[in-house]
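If you want the building blocks of each chain, they are given just below.
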Amino acid sequence: MSSSSNPVTPQNSTQFPNTSDPMYLHPSDHPGMLLVSNKFDGSNFNSWKKGMMIALSAKNKIGFVNGKVLKPASNHNSFDNWQRCNDMVTSWILNVLSNDIAESVLYSSSAKAIWDDLDDRFGQSNGAKLYHLQKEISDLNQGSDDLGTYFTKLKKQWDELNALSVIPECTYGAAHKIQEEQHNQRLMKFLMGLNSDYSHVRGSILLMKPLPSVTQAYALLIQDEKQREVHSSTFQFMSDLASMNVKSSGGHFRNNQEINQFKGDYEAKKNITCNFCKKPGHSANKCYRLIGFPKDFKFTKGTRIVAANASSFQSTNGEGTTQQANHVHSTNIQSLPQLSNEQIQQYH
């Protein structure tokens, strides 16, 4: 009797790392990383601190600075792993500090010790922060800033203020009323700080029921600003067009089409010959020797005798103008010395 045995399937002994563990380091993590773009040089500590907390939270390393990830005993099997992660976080903090500040915390025992040292030196108490923020908000006006810059500055101050004064939760709806009142106050501050250019749309916003939020009011102001830019550009375009038309009538041309049209008219005039003076470029009904020379006409040598009679050919209003013009034409034609009798007879 033969005995059969089931085949043994080898089990994969490889274990995947727990990526949610705060002491897990991604292969892309390295000590030279810059978690925030700006280095802390002693000013704007709250903004720098907020950015670092966001970055450390994204890296799942915020517990190394707030004390949630405790240092294990030196003989614990996780001590080496904790030390490696702590050194990584310490490097990230030092990378975004100025040289002077980095040297002052270089020999700290842990990343939490560096964090606490910076907060003690550069952090402000809530009372001082509130006073500073409220004063900046009160003094802030649009001034020479554009609408977007003014709104961004104001919103940044409000966000910092929200981080300091948190409204507790309330089940009776009082918190909602407090937030609504706070939004209305911020809307008034935003509108009061605007320049006088927005007085019309500001009045329209104040008449709305219910009052819009600050962001909605900002959107309305942006739309009004865009419409004014369109009207301004249209007015400028019409002014430029009128200016170009004036230049065009003075001998300057706007495009190739007008240049080609001028060339065509010029070539057509070259093929026309006056039946009276036998000169090219005009017909007899436009001949200055018959209808008279303009007052601003520049005479050449030999034509001053015609100029003396040019004023007699100007048409005037009133009765008998045609007879007077024909009489003057006949008289002046006969007085032209450079015309032969045969040419004068052709004209009659």
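Residues numbered from 1 in each chain as written. Predicted model: local features only at pLDDT ≥ 70, side-chain atom pairs only at ≥ 80, totals over all residues. Heavy atoms only, no water.

Colleague: Can you walk me through the overall build of the protein chain in this structure?
Modeller: If you tally the helices and strands in the protein chain, you get 15 helices and zero strands. Counting over 348 residues, the protein chain shows a buried share of 27%. Accessible surface for the protein chain amounts to roughly 24,600 Å². Of this, 52% is attributable to carbon and sulfur atoms. (Helix = DSSP H or I, 4+ residues; strand = E, 2+ residues; numbered from the N terminus. Buried < 20%, exposed > 50% of the residue type's maximum accessible area, 1.4 Å probe, protein only. Areas by Shrake-Rupley, 256 points an atom, 1.4 Å probe, with all protein chains shown as cover.)

Colleague: Mind showing me how you'd approach helix 8 (residues 174-192) here?
Modeller: Count 3.6 residues to each turn of an α-helix, and residues three or four apart come out pointing the same way. The first and last C-alpha atoms of helix 8 sit 27 Å apart over 19 residues, in line with the 27 Å expected at 1.5 Å per residue. Turning to helix 8, its buried residues are A175, R186, L187, K189, F190 and L191. (Expected span 1.5 Å × (residues − 1).)

Colleague: I tried to follow the confidence of the model for the protein chain on my own but got confused; where do I start?
Modeller: Where the model shows low pLDDT, its predicted coordinates should not be examined in detail. Of all residues in the protein chain, 66% attain a pLDDT of 70 or more, and the chain-wide mean is 76. Here residues 1-13 is modelled with pLDDT under 50, and outside its nearest four sequence neighbours on either side it reaches zero contacts, counting other chains as well. Every residue in residues 301-337 scores below 50 in pLDDT, and together they form 33 contacts with partners more than four places removed in sequence or on other chains. (pLDDT = per-residue confidence, 0-100. Contact = heavy atoms within 4.5 Å.)

Colleague: Please clarify how the nonpolar core should be interpreted in this entry.
Modeller: One finds W48, M52, L56, V89, I93, L97 and L118 to be the most contacted residues of the largest nonpolar core, which totals 30 residues. Those elements that provide at least two residues to this core are helix 1 (45-58), helix 2 (63-66), helix 3 (79-95), helix 4 (99-104) and helix 5 (111-122). Among the elements that take part in this core, helix 3 stands out by supplying seven residues, more than any other. Sequence-distant contacts of L118, defined by excluding residues within four places in its chain, comprise F45, W48, I93, L97, I101, V105 and G123. L194, V201, I205 and V214 belong to the second largest nonpolar core, which has 19 residues in total. (Core = buried A, V, L, I, M, F, W, Y, C linked by side-chain atoms within 4.5 Å.)

Colleague: Help me out: how do you make sense of unusual backbone geometry in this one?
Modeller: Note on backbone geometry: most residues besides glycine have negative phi, and most peptide bonds are trans. With omega at -5°, the peptide bond leading from K209 into P210 counts as cis. Among the structural elements, P210 can be located in the loop between helix 9 (199-206) and helix 10 (214-249). One non-glycine residue, N44, adopts positive backbone phi at about 55°. Its location among the elements puts N44 in the segment before helix 1. Not every positive phi belongs to a glycine, and N60 is a case in point at roughly 60°. Counting through the fold element by element, N60 comes out in the loop between helix 1 and helix 2.

Colleague: Where do I start with the packing of aromatic side chains in this structure?
Modeller: Working definition: an aromatic ring pair is given by the centre-to-centre distance plus the angle between the planes. Going through the model one piece at a time under the given rule, you end up with 11 aromatic pairs. Ring geometry for F40 against F122: centres 4.9 Å apart, planes inclined by 85°, an arrangement best described as edge-to-face. Taken together, the residues F40 in the segment before helix 1 and F122 in helix 5 connect sequence positions 82 residues apart. Members of the aromatic cluster, joined through ring pairs, are F40, F45, W48, W115 and F122. (Phe/Tyr/Trp six-rings, centres within 6.5 Å; stacked < 30°, edge-to-face > 60°.)

Colleague: Help me understand the side chain of S98 in this model?
Modeller: In this fold, S98 is placed in the loop between helix 3 and helix 4. In this view, S98 contacts F40 and D41; residues no more than four positions away in its chain are not counted.

Colleague: Help me understand helix 7 (residues 147-164) in this model?
Modeller: Compared with the 26 Å implied by 1.5 Å per residue over 18 residues, the 26 Å span of helix 7 between its first and last C-alpha is a close match. One side-chain oxygen at the N-terminal end of helix 7 lies 3.1 Å from the backbone nitrogen of G148; it belongs to D146. (Polar contact = N/O pair within 3.5 Å; in protein donor to acceptor, adjacent residues only side chain to side chain.)

Colleague: Teacher, can you tell me more about the packing of helix 1 against helix 5 here?
Modeller: Helix-helix packing is characterised by the crossing angle of the two axes and by the distance between the axes. Here helix 1 crosses helix 5 at 160°, and the two axes come no closer than 11 Å. Classified by the angle between their axes, helix 1 and helix 5 sit roughly antiparallel to one another. As helix 1 runs across helix 5, the sense of the crossing is left-handed. Contact with helix 1, carried on its side by F45, W48, K49, M52, M53 and L56, involves W115, L118, D119 and F122 of helix 5 and no other residues of that element. Of the residues in the contact of helix 1 with helix 5, the class split is eight nonpolar, no polar and two charged. (Axes fitted to C-alpha atoms, helices over the stretch in contact; angles between N-to-C directions. Parallel < 35°, antiparallel > 145°, perpendicular 65-115°, else oblique. Left-handed = near helix turned anticlockwise from the far one by under 90°. Nonpolar A, V, L, I, M, F, W, Y, C, P; charged D, E, K, R; others polar.)

Colleague: So what exactly am I meant to see when it comes to the packing of helix 7 against helix 8 here?
Modeller: Orientation of helix 7 relative to helix 8, taken along the N-to-C sense of each, is 145°, at an axis distance of 11 Å. Seen along the crossing, helix 7 lies across helix 8 with a hand that is right-handed. Contacts between helix 7 and helix 8 involve L147, Y150, F151, L154, W158, L161 and N162 on the former and, on the latter, Q182, R186, K189 and F190.

Colleague: Please explain the environment of I222 as it appears in this structure.
Modeller: Inspection of the secondary structure puts I222 in helix 10. Its relative accessible area of 21% is what places I222 among the partly exposed residues. Along the primary structure I222 and G148 are separated by 74 residues, whereas in three dimensions their C-alpha atoms are 8.4 Å apart.

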